[in-house]
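Overview (structure and organization)
Chain by chain, the residues:
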Amino acid sequence: MRKPVIAGNWKMHMTCAQAREWMATFLPLIAATPNDRELVVAPPFTAISTMADLVKGSTLELSSQNVHWEGHGAYTAEIAPGMLLEHDVVYAIVGHSEPRKYFSESDEQINHRARSAQSNGLIPIVCVGETDEQRTRGEAERVIRRQVEQGLEGLDPAKLIVAYEPIWAIGTGKTCESTEANRICGLIRSWVGSPDLIIQYGGSVKPGNIDELMSMSDIDGVLVGGASLEAESFARIANYQAA
């Protein structure tokens with residue numbers, strides 16, 4: 001049985017003070033959330049230590065927004081797995097479309113990051129997805145399959161999450177139709193060959209569409225961006241009621 005994972009990616013938002021305020025509002029709102037789902041937040045690196053203290057005793061787990069493939073070294077602005085584990089971080093997002101776009105991350109680099117995370121006891125959340133132009137040209141499936149095959153090479157599907165995030169839907173207000181998102185998630189599962197693989201959807205997820213998304217057969221959670229910055233909004237998503 002695949003346990004849904006509801007994750008919020010704060011990106012480059014939230015100071016430590018703001019994180020404390022967010023948590024003060026959010027934790028009471030998930031006090032009665034069913035335990036049939038995992039709740040995760042990925043704060044910026046500067047707030048991880050603060051958040052590690054605040055999540056103690058709660059059902060909320062922490063994720064990093066990236067991780068390097070080396071344990072230490074001269075890698076300015078990077079972060080090693082051990083630095084995250086010290087703060088009880090459980091998950092690590094890798095391959096998000098923004099590092100792919102702005103920092104030219106390749107599938108090979110993403111695979112190195114994911115392998116590093118997994119070999120050190122972190123659960124990688126590997127993001128895949130196509131651009132609007134690629135979808136328009138009918139290349140979506142080919143692009144996603146390449147990202148899956150190269151990005152997931154050598155990984156254990158039992159200790160992994162894949163997040164399907166169509167790039168054209170991230171932060172645009174556009175959401176992939178739930179049936180189409182479900183179809184792509186099903187294809188990813190078949191390509192990996194693991195019926196137990198957890199696959200999230202990400203891309204303008206919000207309180208208004210979470211129930212429909214979570215009613216889909218092959219969507220096992222969501223990776224939420226902007227809607228996770230408001231505690232009430234993310235709490236509604238965490239407390240989804242699938243049809």
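Scroll up to find the structure.
Below, the structure is looked at part by part.

Turning our eyes to something else, we now look at the packing of aromatic side chains. According to the stated counting rule, one finds 5 aromatic pairs in the structure shown. Ring centres of Trp10 and Trp22 lie 4.9 Å apart, and the angle between their planes is 75 degrees; this geometry places the pair in the edge-to-face category. Here Trp10 is found in the loop between strand S1 (5-9) and helix H1 (16-29), whereas its partner Trp22 is found in helix H1, with 12 residues between them in sequence. Comparing Trp10 with Trp22 shows no difference in burial state: the two are buried. A centroid spacing of 4.4 Å and a plane angle of 25 degrees characterise the contact between Trp22 and Phe26, whose relative ring orientation is stacked. Residue Trp22 and its partner Phe26 are located together in helix H1, separated by 4 residues, close to a single helical turn. Feature note: the residues Trp10, Trp22, Phe26 and Phe234 constitute an aromatic cluster, connected by ring pairs. A cation sits over an aromatic face here: Arg37 above Tyr240, 3.8 Å from the ring centre.

As a further point, take the side chain of Thr33. Tracing the backbone shows Thr33 in the loop between H1 and strand S2 (38-42). Of note is the side chain of Thr33, whose polar atom sits 2.5 Å from the side chain of Asn239. Leave out the neighbours within four places in its chain, and Thr33 touches Leu39, Ala238 and Asn239.

Here the focus is the pairing of strand S3 (residues 60-64). Counting buried positions over the 5 residues of S3 gives 4, a clear majority of the element. Here 3 bridges tie S2 to S3, and the two strands are oriented parallel to one another. Within S3, the position partnered with Val41 by the bridge is Leu62. The handedness of the S2 to S3 crossover, carried by helix H2 (residues 45-54), is right-handed. Pairing of S3 with strand S4 (residues 91-94) involves 2 bridges; the strand directions are parallel. Bridge assignment links Ser64 to a residue of S4, and that residue is Ala92.

What counts and how
- Residues numbered from 1 in each chain as written.
- Predicted model: local features only at pLDDT ≥ 70, side-chain atom pairs only at ≥ 80, totals over all residues.
- Heavy atoms only, no water.
- Phe/Tyr/Trp six-rings, centres within 6.5 Å; stacked < 30°, edge-to-face > 60°.
- Helix = DSSP H or I, 4+ residues; strand = E, 2+ residues; numbered from the N terminus.
- Buried < 20%, exposed > 50% of the residue type's maximum accessible area, 1.4 Å probe, protein only.
- Lys NZ or Arg CZ within 6 Å of the ring centre and 35° of its normal.
- Polar contact = N/O pair within 3.5 Å; in protein donor to acceptor, adjacent residues only side chain to side chain.
- Contact = heavy atoms within 4.5 Å.
- Pairing = 2+ DSSP bridges.
- Right-handed = clockwise from strand over helix to strand, strands pointing away.

Keep in mind these values describe shape, not function.
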